[in-house]
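# Structure at a glance
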Amino acid sequence: ARDPAGFDILGMKLGMSVAEIQAAIKAHNPSLPIDIRKQPIYDHKLGVGKFMEILDAGPRDTGRLLAQEIIEVAFTVTQPGRAFYIARRAPFPPNQRPLVDKMVQQVRQKYGPESNPAVNSAGITDLSWVFDKAGKQLFSGNPTVLVTCADVMRNLTNRNIGLS
């Protein structure tokens, strides 16, 4: 398995600070709007009343449609906050879309096998890489067994729940 410390998404890496992530996004696309919000955490183990920061880069109030690039980064509760989740959704114009199989092959070549492969009912391929605190990759043969950080973050970034 690959070391997640070596993963790089547009110059962003796990463990980077808010300022470092902002600089990487600006280097990638200076016109991409960046919004940082505080997300309450409702988990007694993590500390009720604490907040984690969520950075959203991309268009505002679009209903989160995949028509434009969207970057989401979540930071640890501990200060200074460090990135523990990075997601990027990059749409392609209809006449420039790569073949899904080729794209999946390239992403697997860069990051290794995914932890929890999934294709939703709309046929959208969703790949996630999940690691424990020691950096060991976690895998699941049954997508319902491994609730990924990505699953939690998808709910958080839709702004409809808190961590529980």
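What comes next concerns the included structure.

Reading guide: rules and limits
Residues numbered from 1 in each chain as written. Predicted model: local features only at pLDDT ≥ 70, side-chain atom pairs only at ≥ 80, totals over all residues. Heavy atoms only, no water. Phe/Tyr/Trp six-rings, centres within 6.5 Å; stacked < 30°, edge-to-face > 60°. Helix = DSSP H or I, 4+ residues; strand = E, 2+ residues; numbered from the N terminus. Buried < 20%, exposed > 50% of the residue type's maximum accessible area, 1.4 Å probe, protein only. Pairing = 2+ DSSP bridges.

## Considerations on the packing of aromatic side chains
The description of an aromatic ring pair uses the distance of the two centres, along with the angle that the planes make with each other. With the rule as written, the count across this model stands at 2 aromatic pairs. Note on tyrosine 111 and tryptophan 129: the rings are 5.5 Å apart at their centroids and 55° apart in plane angle, and the pair reads as tilted. Pair noted here: tyrosine 111 is in helix α2 (residues 100–111) and tryptophan 129 is in the loop between β6 (125–126) and β7 (130–131), with a separation of 18 residues, a long-range link. Among the aromatic residues, those joined into a ring-pair cluster are Phe7, Tyr111 and Trp129.

## A look at the pairing of strand β2 (residues 51–57)
When you tally the buried positions in β2, you get 6 out of 7 residues, the bulk of the element. Pairing of strand β1 (residues 34–40) with β2, which is carried by 7 bridges, proceeds in the antiparallel orientation. Bridging from a neighbouring strand, isoleucine 36 pairs with leucine 55 of β2. Where β2 and strand β3 (residues 70–75) come together, 4 bridges link them in antiparallel fashion. Paired with alanine 57 across the bridge in β3 is isoleucine 71.

## A look at the environment of serine 128
By the element assignment, serine 128 lies in the loop between β6 and β7. Classification of serine 128 as buried rests on a relative accessible area of 7%. Sequence separation of serine 128 and alanine 118 is 10 residues, and the distance between their C-alpha atoms is 8.6 Å.

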